[in-house]
Amino acid sequence: MGTFYYMLTGLIYYLIIYIQNFREKTANESEIKALVRDAELNWLKHQINPHFLFNSLNSISSLTMSNPEKAQEMVIRLSELLRYSLKQSSQSFVTIRDEINNCKKYLEIEKVRFGKRLNYSIEAPESIMELTVPAMILQPLFENSIKFSIAPSADPGEIIAVFDSNQNSITVVISNTIPDETHSTKGTGVGLANITRRLSLLY
């Protein structure tokens, strides 16, 4: 009986050590996964900003000679947009109201560039305005709408965004007029891939 109790005590001791080690290993793995996720989210977030900044600076550069007043207006709007972007972390969630206001600033910047060729409307019920979404998740969709609709066409185009929700989800539909196929532009798909990956990581 003494030997039995000795072996049982030893077994319990090693079992406790195993459980503690397993918990530590699980906690470490979770921490590593969180760090990797945060790093990837940061990388995805910062991939969007230089792309937009490059396009905006090109537009400002063109306007400085042809229309200095519009160039100045565009610089002011761009600074407001970048201030919003810099305030957000890779995991920031903002209200739909804030995200829509940010997208409007972006669209107004592009409207300086495209003038009457760019028309847009955003429809969102007041009931969803305080719901939260990942920050900077919508701007790439508007960028795509302009890139494949307004930019390649000399004719006026329209971008329409409609927001809706039910008990379990938020639906955002962004549509744009389609120009002549002969003027179509091929994209890299980075913007949509980033959105998909960010949503996957955050949810």
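Scope of this entry: the structure provided in the associated data block. (Residues numbered from 1 in each chain as written. Predicted model: local features only at pLDDT ≥ 70, side-chain atom pairs only at ≥ 80, totals over all residues. Heavy atoms only, no water.)

1. What about the overall build of the protein chain?
A count of helical and extended segments in the protein chain gives five helices and five strands. Walking the protein chain from its N terminus toward its C terminus, one meets helices and strands in the order α-α-β-α-β-β-α-β-β-α. Expressed as a percentage of the 203 residues in the protein chain, the buried residues total 31%. A sequence separation of at least 24 residues applies to 76% of the contacts in the protein chain between residues at least 6 apart. (Helix = DSSP H or I, 4+ residues; strand = E, 2+ residues; numbered from the N terminus. Buried < 20%, exposed > 50% of the residue type's maximum accessible area, 1.4 Å probe, protein only. Contact = heavy atoms within 4.5 Å.)

2. Observations regarding the sheet that holds strand β4 (residues 157–165)
What the three strands build is an open sheet, ordered β2-β4-β5; its pairing is mixed. Since the sheet does not close on itself, it has two edges, and those belong to β2 (118–123) and β5 (170–176), each with one partner. With strand direction ignored, the average angle separating the axes of adjacent strands in the sheet is 10°. Examined bridge by bridge, β2 and β4 share six bridges and lie parallel to one another. Bridging from a neighbouring strand, S121 pairs with I160 of β4. Relative to the sheet, helix α3 (residues 96–114) contacts β2, β4 and β5, its axis offset from that of β2 by approximately 170°. In the packing of helix α4 (residues 139–150) onto the sheet, contacts are made with β2, β4 and β5, and the angle to β4 comes to roughly 150°. (Pairing = 2+ DSSP bridges. Axes fitted to C-alpha atoms, helices over the stretch in contact; angles between N-to-C directions.)

3. Some remarks on the pattern of salt bridges
Per the stated rule, a full pass over the model turns up three salt bridges. For the salt bridge of E73 with R77, the shortest nitrogen-to-oxygen distance reads 3.1 Å. Pair noted here: E73 and R77 are both in helix α2 (residues 68–87), with a separation of four residues, about one helical turn. Taking relative accessible area as the criterion, E73 reaches 32% and is therefore assigned partly exposed. Using a relative accessible area of 26% as the deciding quantity, one classes R77 as partly exposed. Of the charged contacts, one joins R97 and E130 as a salt bridge, the two residues approaching to 3.0 Å between their closest N and O atoms. Separated by 33 residues along the polypeptide, R97 in helix α3 and E130 in the loop between β2 and β3 (132–134) bring together distant segments of the chain. Through salt bridges with shared partners, a single network forms among R97, E126 and E130. (Salt bridge = Lys/Arg side-chain N within 4 Å of Asp/Glu carboxyl O.)

4. A word on the nonpolar core
Formed by 28 residues in total, the largest nonpolar core has its most connected members in I96, F142, I146, I159 and F163. Elements represented by at least two residues in this core include exactly α1 (2–66), α2, α3, α4 and β4. Residue contributions to this core peak at eight residues, all from α3. Leave out the neighbours within four places in its chain, and I146 touches Y106, L107, E110, F114, L118, A151, P152 and I159. (Core = buried A, V, L, I, M, F, W, Y, C linked by side-chain atoms within 4.5 Å.)

5. Points about unusual backbone geometry
Phi is positive for M136, close to 65°, though the residue is something other than glycine. On the basis of relative accessible area, M136 is assigned to the buried category, the value being 5%.

6. Notes on the packing of aromatic side chains
In total, this model carries one aromatic pair according to the counting rule given. Aromatic side chains F93 and Y203 sit 6.1 Å apart centroid to centroid with 90° between the ring planes, which places their arrangement in the edge-to-face category. In this pair, F93 is assigned in strand β1 (residues 93–95) and Y203 in the segment after α5 (190–202), connecting sequence segments 110 residues apart. Judged by its relative accessible area of 63%, Y203 falls in the exposed class. (Phe/Tyr/Trp six-rings, centres within 6.5 Å; stacked < 30°, edge-to-face > 60°.)

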